[in-house]
Amino acid sequence: MDILAGGDGPAELRQLELNGEVGLDSLPYQLMKRSIHEGFVFNILCVGESGIGKSTLMCSLFNNNDFDCTPSSHFHPELKLKTKTYSLQELCTDLTLTVIETEGYGDQIDKGHNFQLIVDYIDDQFEYHLQEELKIKRSIHTHLDTRVHVCFYFIAPSGRGLKYSDVVCLKSLHHKVNIVLLIAKSDIIMKEELEAFKRNINNELAREKINIYCFPFDEEVLGGILPNNISPFAVIGSRDFLDVEGESVRCRCYPWGTVFVEDERHSDFVYLRTLLMQSSLENMRETTHNVHYELFRQGRLKQMTRSWECGDNTSLTEFYRQEREWLRNDLKAREEKLRSDFVEKVKRREEEFQREEMMMFSKYNSIFRELVLQENELKEKKQNLQKEIVAFRQRVMTSNCKQRVPSTYSK
């Protein structure tokens, strides 16, 4: 614990030693507890041709066959991005994993603009995070981080080198995202050809000045492995298992033999998983935030500053004042529009009610007239019936009187 010495002279630091425990050693535990409580977010962008094994590798990498492995068609008219988010849990650690896969990459005749959608997607996620930071009331801790933390670029196992489209895409992405090169389905290449293939790729990267993510060296985790000497990683993936000595192992079975995914002699899959999960996952998140996002943020703020300037002496404070004024006027305009729309709707409803009232009134009049007519008809029928009753009674009385009069003639 450092304390500044008093006096008029320059401040000097003197080291103090604690006489007893005060709890400073619990700070790492507090940080770990908070991180576990908040959970972790990691976003992977998989760029590669259709059918090259992107989804299968994700299943193998996270040891979960529940990942979406719907086969993609080779006849997409344009490039599409498929995004899936998964919630993973291991012991007490929660990870929100988002996998973004390319559909139709490299399937078009004109591949010159294949990479533009990927670049726009990465920039859109940076812009989304930047807009959250620029809010007056921001919630960065609860804000879902959608920025791409690593890009797995899948190289077709041709055995020659990078294609021209690969070079163009990597040049567009290497300053925006952490790139990890993967040679997919590497079990179809002989070991000597694979080593030559790796050398050719590294030479092309150096010649084109393409920066690939450098894995940090952690001796406790990696031992004597030099991570950056393995790149590009020759990997294989599989959703099939084989029972070997009572243990279920991922593998690929061929007529000539079996290739085990987690066997270091068969592929670099174990190295990739170890470097990614146990050594570099948090470093990739920090590099994304501190390097790639900061580079994007600087460029956007400069661009925004140039667009903000109304004159030579316009400052950022003045811009925010103008921005608040513009927002206030915009809110007023929206309020007036909502009010006018509301009044218009009320008028329309009143007109509808008036029309319905007139219709009901006319209907009432027609029914009332019908009732009056029916009442008159009933009264007339009643009068006629009464007249008929009186006439009938008179006939009855007349008939009775005739029966009572005795006959004047007798034999």
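Note that this is a predicted model, so its numbers are computed, not measured.

A. Quick look at the sheet that holds strand E9 (residues 241–244). Spatially, E9-E10-E11 is the arrangement adopted by the 3 strands of the open sheet, whose pairing is antiparallel. Bordering the open sheet on either side are E9 and strand E11 (257–260), each of which pairs with just one other strand. If you compare each strand with its neighbour and ignore which way they point, the axes differ by 55 degrees on average. Taken together, the 4 bridges between strand E10 (residues 247–254) and E11 define a ladder with antiparallel strand orientation. Bridge pairing in E11 places Arg-252 opposite Val-259.

B. Examining empty space enclosed by the protein more closely. Scanning the model with the defined rule gives 2 cavities of 30 Å³ or more in all. Roughly 60 Å³ of volume is contained in the largest cavity. Along the walls of the largest cavity sit Ser-55, Met-58, Phe-67, Asp-68, Lys-82, Lys-84, Tyr-86, Val-99 and Glu-101, which together make up its complete lining. Contributing elements (two or more residues each) for the lining of the largest cavity: helix H2 (54–61), strand E4 (80–90) and strand E5 (93–103). If you tally residues by element for the lining of the largest cavity, the top one is E4, at 3 residues. Classifying every residue of the lining of the largest cavity by side-chain character gives 4 nonpolar, 1 polar and 4 charged. Space inside the second largest cavity adds up to approximately 30 Å³. Taken together, Glu-49, Ile-52, Tyr-105, Phe-154, Ile-155, Ala-156, Lys-163 and Asp-166 make up the lining of the second largest cavity. Among the residues making up the lining of the second largest cavity, the classes are represented as 5 nonpolar, no polar and 3 charged.

C. Structural view of H2. Summarising burial for H2: 7 of the 8 residues are buried, a large majority. Inspection of H2 places Lys-54, Ser-55, Leu-57, Met-58, Cys-59, Ser-60 and Leu-61 among the buried residues, and these make up the whole buried set. Among the residues trailing H2, Asn-63 stands out with phi positive, at a value near 50 degrees.

D. Structural context of the pattern of salt bridges. Considering all chains together, one arrives at 20 salt bridges under this definition. Lys-198 is the salt-bridge partner of Asp-268, the closest N and O atoms lying 2.7 Å from each other. Of this pair, Asp-268 sits in the loop between E11 and helix H7 (269–308) while Lys-198 is found in helix H5 (residues 191–208), placing the two residues 70 residues apart along the sequence. Neither residue differs from the other here; Asp-268 and Lys-198 are each classed as buried. Across the pair Glu-335 and Arg-339 runs a salt bridge, and its minimum N-O distance is 3.1 Å. Taken together, the positions of Glu-335 and Arg-339, both in helix H8 (residues 316–404) and 4 residues apart, correspond to about one turn of that helix. The exposure class of Glu-335 is partly exposed, given its relative accessible area of 42%. For Arg-339, a relative accessible area of 40% corresponds to the partly exposed category. Shared partners join several salt bridges into a network, and the residues in it are Glu-133, Glu-294 and Arg-297.

Procedures and definitions
Residues numbered from 1 in each chain as written. Predicted model: local features only at pLDDT ≥ 70, side-chain atom pairs only at ≥ 80, totals over all residues. Heavy atoms only, no water. Pairing = 2+ DSSP bridges. Helix = DSSP H or I, 4+ residues; strand = E, 2+ residues; numbered from the N terminus. Axes fitted to C-alpha atoms, helices over the stretch in contact; angles between N-to-C directions. 1 Å grid on protein atoms, 1.4 Å probe; cavity = no way out; pocket = protein on both sides within 12 Å on 5 of 7 lines; lining within 4 Å. Points joined across faces, edges and corners; volume = space filled by probe spheres on them. Nonpolar A, V, L, I, M, F, W, Y, C, P; charged D, E, K, R; others polar. Buried < 20%, exposed > 50% of the residue type's maximum accessible area, 1.4 Å probe, protein only. Salt bridge = Lys/Arg side-chain N within 4 Å of Asp/Glu carboxyl O.

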